[in-house]
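Chain and residue survey
Residues per chain are reported as follows:
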Amino acid sequence: DTGVSQDPRHKITKRGQNVTFRCDPISEHNRLYWYRQTLGQGPEFLTYFQNEAQLEKSRLLSDRFSAERPKGSFSTLEIQRTEQGDSAMYLCASSFVRGTNEKLFFGSGTQLSVL
Amino acid sequence: AQSVAQPEDQVNVAEGNPLTVKCTYSVSGNPYLFWYVQYPNRGLQFLLKYITGDNLVKGSYGFEAEFNKSQTSFHLKKPSALVSDSALYFCAVRGHGSGNTGKLIFGQGTTLQVKP
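Not measured: the values here are computed from a predicted model. (Residues numbered from 1 in each chain as written. Chains lettered and ligands numbered in written order. Predicted model: local features only at pLDDT ≥ 70, side-chain atom pairs only at ≥ 80, totals over all residues. Heavy atoms only, no water.)

For the rest of this paragraph, the subject is the packing of aromatic side chains. Residues and elements named next belong to chain B. Taken as a whole and assessed by the stated rule, the structure comprises 16 aromatic pairs over all chains. Ring geometry for Tyr25 and Phe67: centres 5.8 Å apart, planes at 20°, overall stacked. Of this pair, Tyr25 sits in strand 4 (residues 24-26) while Phe67 sits in strand 8 (residues 64-68), and the two are 42 residues apart along the sequence. Exposure remark for Phe67: the relative accessible area of 6% places this residue in the buried category. (Phe/Tyr/Trp six-rings, centres within 6.5 Å; stacked < 30°, edge-to-face > 60°. Helix = DSSP H or I, 4+ residues; strand = E, 2+ residues; numbered from the N terminus. Buried < 20%, exposed > 50% of the residue type's maximum accessible area, 1.4 Å probe, protein only.)

This brings us to the interface of chain A and chain B. Listed by partner, the interface residues are 23 residues for chain A and 20 residues for chain B. Taking both sides of the interface into account, the surface hidden between chain A and chain B amounts to around 1700 Å²; carbon and sulfur atoms contribute 49%. For the pair chain A and chain B, the number of links is one salt bridge. The partner of Lys103 of chain B in a salt bridge is Glu56 of chain A, with the nearest N and O atoms 2.6 Å apart. At the junction of chain A with chain B, the criterion picks out four residue pairs in polar contact (both at pLDDT 80 or more). Of all the secondary-structure elements, those providing two or more residues to the side of chain A that touches chain B are strand 4 (31-37) and strand 5 (44-50) of chain A. Of all the elements, strand 4 of chain A adds the most residues to the side of chain A that touches chain B, at four residues. Across the side of chain A that touches chain B, the residue classes break down as nine nonpolar, nine polar and five charged. (Contact = heavy atoms within 4.5 Å. Buried area = accessible area lost by both parts, 1.4 Å probe. Salt bridge = Lys/Arg side-chain N within 4 Å of Asp/Glu carboxyl O. Polar contact = N/O pair within 3.5 Å; in protein donor to acceptor, adjacent residues only side chain to side chain. Nonpolar A, V, L, I, M, F, W, Y, C, P; charged D, E, K, R; others polar.)

Here the focus is the state of the cysteines. Residue and element names in this part refer to chain A. For the coordinates displayed, the defined rule picks out two disulfides over all chains. Disulfide pairing places Cys23 opposite Cys92 at an S-S distance of 1.9 Å. Note on the Cys23 and Cys92 pair: the S-S dihedral is about -70°, so by sign convention the disulfide is left-handed. One end of the pair, Cys23, is in strand 3 (residues 19-24); the other, Cys92, is in strand 9 (residues 88-95), with 69 residues separating them in the sequence. (Disulfide = S-S within 2.5 Å.)

Below, the structure written as structure tokens:
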């Protein structure tokens, strides 16, 4: 396993369509994070999972967004009724927590363009 | 609220010269600070972190960062820059109330350009 994998790398969709992204974390990593990054900005936290439990959601995550991690392994992020403002890079990261020592490993991201 | 600021959009330095990428922070309580690097078409990579202890933190690829509590700064440094260091650098702080999690608040990033 070489790292966090995200699919697709790029997604172009029309406004109003639904999209789903997948993230495969590093195996045995128990935490998985979703971040969003727009051009010229740093990543913004969206949500995270500890195993299969979604423990925190940002206020940025409107009710059009839903994330799952059904078996504590891969995760999906779905955006319903996409809007142009959803255009961004969606980043996934995973980690294995040991005490206070946590290091995030990021995937290359999914670039979403909403036309 | 927790925040970090990177006052420079871009830093230019000649290869072989020392480099500094600036970061200031605002936190309540003890800061947990991080530096990440992002190369084109690649994910963010962890460089180093400060949690407690020595104010000078050593990280990957020869980078180090100096924690300065009185100036609320956490500048990234390298004694001798390489062309391959050219990338986008992010400073980050652990979010308030996030406990022991990787919920990070990132700065807006600084582009480092190292010229031969």
